[in-house]
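Below, each chain spelled out in residue letters.
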Amino acid sequence: MSDAYLYTAARTPFGRFGGGLAGVRPDDLAATALTGLLDRTPELDRAAIGDVVWGDANGAGEDNRNVGRMAVLLAGLPVSVPATTVNRLCGSGLDAAIIASRTLESGDADIVVAGGVESMTRAPWVLPKPDRAFPARDVTAVSTTLGWRLVNPAMPEEWTVSLGECNELLQEKFSVSRERQDAFAVRSHRLAARAWDEGFYDDLVVPVAGLTRDEGIRPDTSAAKLAALAPAFRPDGTITAGNASPLSDGASALLLGTAAAAGRIGRGPVARIAGRAVHAVEPRMFGHAPVEAAEKALRRAGVGWGDVGAVELNEAFAVQALACVDAWGVDPGIVNTRGGAIALGHPLGASGGRLLGTLAKVLRERRERWGVAAVCIGVGQALAVVLENVTDEAGRA
């Protein structure tokens, strides 16, 4: 079996709900990320791409009809390049990368693109079809932006509570204070702003619709400002709009290949996918599922936490991120060193690609060998990937 390598990554800026990307269709966002990615490898014959695997958590609106294939066609790739779309909710983009890595390892292809997209702004309202013609009763339009919709009545009620309520339950279980959550959120914004100011994201992000920078970063936020925000899910709760990730729009893309593909790609790989795992728990505890997912991935990579020099953990909520970091016992200083989703945004299908692209660059920047990317997923799941930095000591691919 061949190893799977990450060669390069690109993403759009992440826009706020109703913000700078509100006028851009998700299939166009996906095509922009795909084009931006392939512009980094001008020597690559586009027809040599064996498959495109795209993550998308919604698929109810303009991202329907296999948005991965739509991206391929809109980006002007040869019609011979195939594509599929996968949905594992918040983990869709990371799942796409995992599926792509398996494709490479099995020998089914030498070059695969993985990515993901989400426009939470443009997610439509949906109406269920009536069970008979011409019903006289009212019909309710349901938003597909986030969370449960058209819930099966056979599903236990405790499993269908909101994501926020799930994390308030997590807070109760692990006693993560409001103060810790707010401090974590402030850190996310400050690190993200610093990363942009230092140029870290310049070669990772492709401008779109006049937006050149992640739109949700608030470098001037403070613990005092966040402390003034009202709880969002319970009158006496700890989770607020300030210590949770915002609704967002954006897309990300990754170019993966075997070692033998380097000549056709025109550059060397930057990281090897060394381990991967999925884990599932009781739906309400989804925020804690990355704990065991990462442990499994590390075991499969043959390394331990003592070897890990960088962690990219999707910050769906500060409370769940802190609960995971506490459980792993890692130095918080190696986690999300260039900001996280609370500041950058969390366009569901796109976040996995952002995590891996950022992690690979952080490993090169810090000259660390091993890193972990992990994401929690609604309805009780999580994914994790272990990357091995394969650049030389000077950080060159």
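Residues numbered from 1 in each chain as written. Predicted model: local features only at pLDDT ≥ 70, side-chain atom pairs only at ≥ 80, totals over all residues. Heavy atoms only, no water.

Brief notes about a nonpolar patch on the surface
Line of reasoning, step 1. On the surface, Leu89, Trp148, Val151, Met155, Trp159 and Val379 cluster together into a nonpolar patch covering about 460 Å² of accessible area.
Line of reasoning, step 2. As for its position among the elements, Leu89 is in the loop between strand 4 (83-86) and helix 3 (92-106). (Patch = residues over 30% accessible without salt bridge, like charges linked within 9 Å, V, L, I, M, F, W, Y side chains within 5 Å. Areas by Shrake-Rupley, 256 points an atom, 1.4 Å probe, with all protein chains shown as cover. Salt bridge = Lys/Arg side-chain N within 4 Å of Asp/Glu carboxyl O. Helix = DSSP H or I, 4+ residues; strand = E, 2+ residues; numbered from the N terminus.)

Describing the nonpolar core
Line of reasoning, step 1. By size, the foremost hydrophobic cluster in this structure holds 47 residues, and its most contacted members are Tyr201, Leu256, Leu356 and Leu387.
Line of reasoning, step 2. In terms of nonpolar packing, the next biggest core, distinct from the first, is built from 43 residues, Val186, Ile239, Ala274 and Val335 among them. (Core = buried A, V, L, I, M, F, W, Y, C linked by side-chain atoms within 4.5 Å. Buried < 20%, exposed > 50% of the residue type's maximum accessible area, 1.4 Å probe, protein only.)

Let's talk about the state of the cysteines
Line of reasoning, step 1. Across all of its chains, the model carries 0 disulfides by this definition.
Line of reasoning, step 2. Here Cys90 is not cross-linked by a disulfide; its sulfur's nearest cysteine counterpart is in Cys376, at 6.2 Å.
Line of reasoning, step 3. Cys324 takes part in no disulfide bond, and the closest cysteine sulfur, belonging to Cys376, lies 6.9 Å away.
Line of reasoning, step 4. The buried category is assigned to Cys324, whose relative accessible area is 0%. (Disulfide = S-S within 2.5 Å.)

As for the packing of aromatic side chains
Line of reasoning, step 1. This model, assessed by the stated rule, comprises 4 aromatic pairs.
Line of reasoning, step 2. Considering the side-chain rings of Trp196 and Tyr201, the 5.3 Å spacing of their centres and the 40° angle between planes classify their relative orientation as tilted.
Line of reasoning, step 3. Over the aromatic face of Phe14 sits the side chain of Arg11, whose NZ or CZ is 4.6 Å from the ring centroid.
Line of reasoning, step 4. A cation over an aromatic ring shows up here: Lys361 above the ring of Phe200, its NZ or CZ 4.7 Å from the ring centre. (Phe/Tyr/Trp six-rings, centres within 6.5 Å; stacked < 30°, edge-to-face > 60°. Lys NZ or Arg CZ within 6 Å of the ring centre and 35° of its normal.)

Considering the packing of helix 3 against helix 11 (residues 351-366)
Line of reasoning, step 1. Running from N to C, helix 3 and helix 11 cross one another at 65°; their axes reach a closest spacing of 5 Å. Across the interface between the two elements, Gly93, Leu94 and Ala97 of helix 3 pack against Gly352, Gly353 and Leu356 of helix 11.
Line of reasoning, step 2. For the contact of helix 3 with helix 11, the class distribution of residues is 3 nonpolar, 3 polar and no charged. (Axes fitted to C-alpha atoms, helices over the stretch in contact; angles between N-to-C directions. Contact = heavy atoms within 4.5 Å. Nonpolar A, V, L, I, M, F, W, Y, C, P; charged D, E, K, R; others polar.)

Examining the environment of Arg284
Line of reasoning, step 1. You can see Arg284 is positioned in the loop between strand 9 (271-280) and helix 8 (290-301).
Line of reasoning, step 2. Exposure remark for Arg284: the relative accessible area of 29% places this residue in the partly exposed category.
Line of reasoning, step 3. Along the chain, Arg284 and Glu168 lie 116 residues apart, while their C-alpha atoms are 9.8 Å from each other.
Line of reasoning, step 4. Discounting residues that sit within four places of it in the chain, Arg284 has contacts with Glu158, Val161, Cys166 and Leu169.

A few points about empty space enclosed by the protein
Line of reasoning, step 1. Summed over all chains, the structure comprises 2 cavities of 30 Å³ or more.
Line of reasoning, step 2. Of the volumes computed, that of the largest cavity is approximately 60 Å³.
Line of reasoning, step 3. As for the largest cavity, its lining consists of Ala9, Ala10, Arg11, Leu204, Ser252, Ala253, Leu254, Gly353, Arg354, Gly357 and Thr358.
Line of reasoning, step 4. Counting only elements with at least two residues in the lining of the largest cavity, the list comes to strand 1 (5-11), strand 8 (248-257) and helix 11.
Line of reasoning, step 5. No other element matches helix 11, which puts 4 residues into the lining of the largest cavity.
Line of reasoning, step 6. Class assignment for the residues of the lining of the largest cavity results in 5 nonpolar, 4 polar and 2 charged.
Line of reasoning, step 7. For the second largest cavity, the calculated volume is near 40 Å³.
Line of reasoning, step 8. In terms of lining, the second largest cavity is formed by Pro26, Asn58, Gly61, Glu62, Asp63, Ser119, Arg122 and Ala123. (1 Å grid on protein atoms, 1.4 Å probe; cavity = no way out; pocket = protein on both sides within 12 Å on 5 of 7 lines; lining within 4 Å. Points joined across faces, edges and corners; volume = space filled by probe spheres on them.)

What about helix 5 (residues 178-197)?
Line of reasoning, step 1. Over its 20 residues, helix 5 runs 29 Å from end to end, which matches the ideal 28 Å to within 8%, given 1.5 Å per residue.
Line of reasoning, step 2. In the stretch just after helix 5, Gly199 is the one whose phi turns positive, near 85°. (Expected span 1.5 Å × (residues − 1).)

Description of the environment of Ala183
Line of reasoning, step 1. Turning to its location among the elements, Ala183 is positioned in helix 5.
Line of reasoning, step 2. You can call Ala183 partly exposed: its relative accessible area is 42%.
Line of reasoning, step 3. Sequence separation between Ala183 and Leu226 is 43 residues, and the spatial gap between their C-alpha atoms is 8.7 Å.

Remarks on the pattern of salt bridges
Line of reasoning, step 1. Considering all chains together, one arrives at 22 salt bridges under this definition.
Line of reasoning, step 2. Residue Arg354 is joined to Glu312 by a salt bridge in which the shortest nitrogen-to-oxygen separation is 4.0 Å. Here Arg354, found in helix 11, pairs with Glu312, found in strand 10 (residues 308-313); they are 42 residues apart in sequence, far enough to count as distant. Just as Arg354 is buried, Glu312 falls in that class too.
Line of reasoning, step 3. Overlapping salt bridges bring together Arg25, Asp27, Glu62 and Arg122 as one network.

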